[in-house]
Amino acid sequence: QVQLVESGGGLVQAGGSLRLSCAASGRTLSSYAMGWFRQAPGKEREFVASIRWRASNTYYADSVKGRFTISRDNAKNTVLLQMNSLKPEDTAVYYCAADYRGPGTVVAASYDSWGQGTQVTVSS
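Everything numeric in this text was worked out from a predicted model, so none of it was measured.

Trainee: I'm lost on the overall build of the chain in this one. Help?
Mentor: A tally of helices and strands in the chain yields 0 helices and 11 strands. Taken from N to C terminus, the helices and strands of the chain fall in the order β-β-β-β-β-β-β-β-β-β-β. Here the chain has a C-alpha radius of gyration of 13 Å; the compact-globule value for 124 residues is 14 Å, and the two agree. Taking the principal axes of its C-alpha atoms as reference, the chain extends roughly 40 × 25 × 25 Å. Each of the 124 residues in the chain was classed as buried or not, and the buried ones make up 45%.

Right under this line is the structure:
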């Protein structure tokens, strides 16, 4: 199983940017679909973005489309989430997840491995 560690979270003002990183160990990420999910206090975990394991097709939640970009750097065994034009409603703990040879679905249960999460707080 792959181990995942997120980093890059923090406090930012509305309209600002952050870049989250998900570093993997134990397995190469090139064989995994990768997803980013987030969970705000009192809310369920929700899909943010994903990228397929082979074709690198990307998918986004409507709420982040045009503002967030998911990408992978197989040489560094890392997946990134570039977040621009941040809004207070983007405040949440962000998790990366891996699905071995998966399609990169929006369903959290499809993913095999999860990181511990990184806090993103956007002030108004």
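Trainee: What is the right way to read unusual backbone geometry from this model?
Mentor: For residues that are not glycine, phi is negative in most cases, and the peptide bond is trans in most cases. One non-glycine residue with positive phi stands out, namely S85, at about 50°. Along the chain, S85 turns up in the loop between β8 (78-83) and β9 (92-100). Judged by relative accessible area, which is 41%, S85 ranks as partly exposed. One non-glycine residue, R101, lies in the positive phi region at around 50°. As for its placement among the helices and strands, R101 is situated in the loop between β9 and β10 (113-114).

Trainee: Explain the environment of S85 to me, please; I cannot follow it from the model alone.
Mentor: With 17 residues separating them in the primary sequence, S85 and F68 have C-alpha atoms 8.5 Å apart. Residues in contact with S85, not counting those within four places in the same chain, are G15, G16, S17, R67 and D90.

Trainee: Can you walk me through the packing of aromatic side chains in this structure?
Mentor: How two aromatic rings sit relative to each other is given by the distance of their centres and the angle of their planes. Inspection of the entire model under this criterion finds 6 aromatic pairs. Taken together, a centroid distance of 6.2 Å and an interplanar angle of 65° make the contact between Y111 and W114 edge-to-face. The buried category is assigned to Y111, whose relative accessible area is 5%. Judged by relative accessible area, W114 falls into the partly exposed class, the value being 28%. Of the aromatic side chains, those joined through ring pairs into one cluster are F37, F47, Y95, Y111 and W114. R45 extends its terminal NZ or CZ atom over the ring of Y95, reaching a point 3.9 Å from the ring centre. Over the ring of W114 we find R45, and its NZ or CZ is 4.8 Å from the ring centre.

Trainee: Explain the pattern of salt bridges here, please?
Mentor: Two side chains carrying opposite charge are able to pair once their charged atoms lie near each other. Within this structure, the stated rule accounts for 4 salt bridges. For E46, the salt bridge is made with R38, and the minimal N-O distance between the two is 2.6 Å. Relative accessible area serves as the criterion here: at 6%, R38 is assigned to the buried category. Among the ionic pairs, R67 bridges to D90, the shortest N-O distance being 2.8 Å. Here the residue R67 occupies a position in the loop between β6 (58-60) and β7 (68-73), and D90 occupies one in the loop between β8 and β9, the gap between them amounting to 23 residues. Several salt bridges converge on common partners, so that one network encompasses R38, E46, R67 and D90.

Basis of the calculations
- Residues numbered from 1 in each chain as written.
- Predicted model: local features only at pLDDT ≥ 70, side-chain atom pairs only at ≥ 80, totals over all residues.
- Heavy atoms only, no water.
- Helix = DSSP H or I, 4+ residues; strand = E, 2+ residues; numbered from the N terminus.
- Rg over C-alpha atoms; globule rule 2.2 N^0.38 Å.
- Buried < 20%, exposed > 50% of the residue type's maximum accessible area, 1.4 Å probe, protein only.
- Contact = heavy atoms within 4.5 Å.
- Phe/Tyr/Trp six-rings, centres within 6.5 Å; stacked < 30°, edge-to-face > 60°.
- Lys NZ or Arg CZ within 6 Å of the ring centre and 35° of its normal.
- Salt bridge = Lys/Arg side-chain N within 4 Å of Asp/Glu carboxyl O.

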